[in-house]
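Residues per chain, in single letters:
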Amino acid sequence: MKKLVYTLGLIVGLSTLGLAQEHSANDGHNHGAAQTPSAAPTSLADIKMDKLTHDYGNIKQGDNGECVFKFTNSGKEPLVITSCMGSCGCTVPQCPTAPILPGKSGEIKVKYDTNRAGGIYKTVTVNSNAKSGVTTLTIKGNVEAKPVETPFPENKTSQGAPVEKKG
């Protein structure tokens, strides 16, 4: 019996709460207008990359894994790169921190750890205020493993034939 009373009380309470909120939303005041965010102004900065992909081709393990992506601010206001992030710890980008003025150029340097043998397909995500949005750069190629070098066996000096002990 107590469960029935509590359940009915809960239903009545929730119904009253729902009607009260519905009524306050239609009370003639414009509650929603203050809460609706205005559209953010579109940036006039834009980034134009010279290339979106760098192909290392076949490189040897331990070789220089650095490459450069050049870009120009083709917009009408300063371009600010807020972050550059590699897809894993083996891909480390270095982006300019100062704003790039309209018509000016900059570079994004990427270093790949070539001590890891095998195929390369990694990305760098560049976040900026460019109207084109997020830019994704790609590096690809193949790191060929160094041949395993076995040291030449040492030449031990001969002690001669073992001597038989007489007892």
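Residues numbered from 1 in each chain as written. Predicted model: local features only at pLDDT ≥ 70, side-chain atom pairs only at ≥ 80, totals over all residues. Heavy atoms only, no water.

A. View of the sheet that holds strand β3 (residues 66–73). Across the sheet, which stays open at both edges, the four strands sit in the order β1-β3-β6-β5 with antiparallel pairing between neighbours. Lying at the two open borders of the sheet, with one neighbouring strand each, are β1 (47–49) and β5 (91–94). Looking at each pair of strands side by side, their axes are set apart by 30 degrees on average, direction ignored. (Pairing = 2+ DSSP bridges. Helix = DSSP H or I, 4+ residues; strand = E, 2+ residues; numbered from the N terminus. Axes fitted to C-alpha atoms, helices over the stretch in contact; angles between N-to-C directions.)

B. Summary view of the sheet that holds strand β4 (residues 81–86). Ordered by their spatial adjacency, four strands build an open sheet running β2-β8-β7-β4, and the pairing between neighbours is mixed. Each edge of the sheet is formed by a strand with only one pairing partner; in this case those strands are β2 (53–60) and β4. The average angle at which neighbouring strand axes cross in this sheet is 15 degrees, direction not considered. Sheet topology places β2 next to strand β8 (residues 135–144); six bridges connect them, and they run parallel. In the strand pairing of β8, Asp55 is matched with Lys140.

C. View of the state of the cysteines. This structure, assessed with the given rule, holds two disulfides. Sulfur-sulfur distance for the disulfide between Cys84 and Cys95 comes to 1.6 Å. Here the S-S torsion is close to -95 degrees, and the disulfide linking Cys84 with Cys95 is therefore left-handed. Here Cys84 is found in strand β4, whereas its partner Cys95 is found in the loop between β5 and β6 (105–112), with eleven residues between them in sequence. A sulfur-sulfur distance of 2.4 Å marks the disulfide that ties Cys88 to Cys90. Here the disulfide of Cys88 and Cys90 is left-handed, its torsion about the S-S bond being about -45 degrees. For Cys90, a relative accessible area of 4% puts it in the buried group. Of note for the chain: the bonded cysteines, numbered N- to C-terminal, pair according to 1-4, 2-3. (Disulfide = S-S within 2.5 Å. Buried < 20%, exposed > 50% of the residue type's maximum accessible area, 1.4 Å probe, protein only.)

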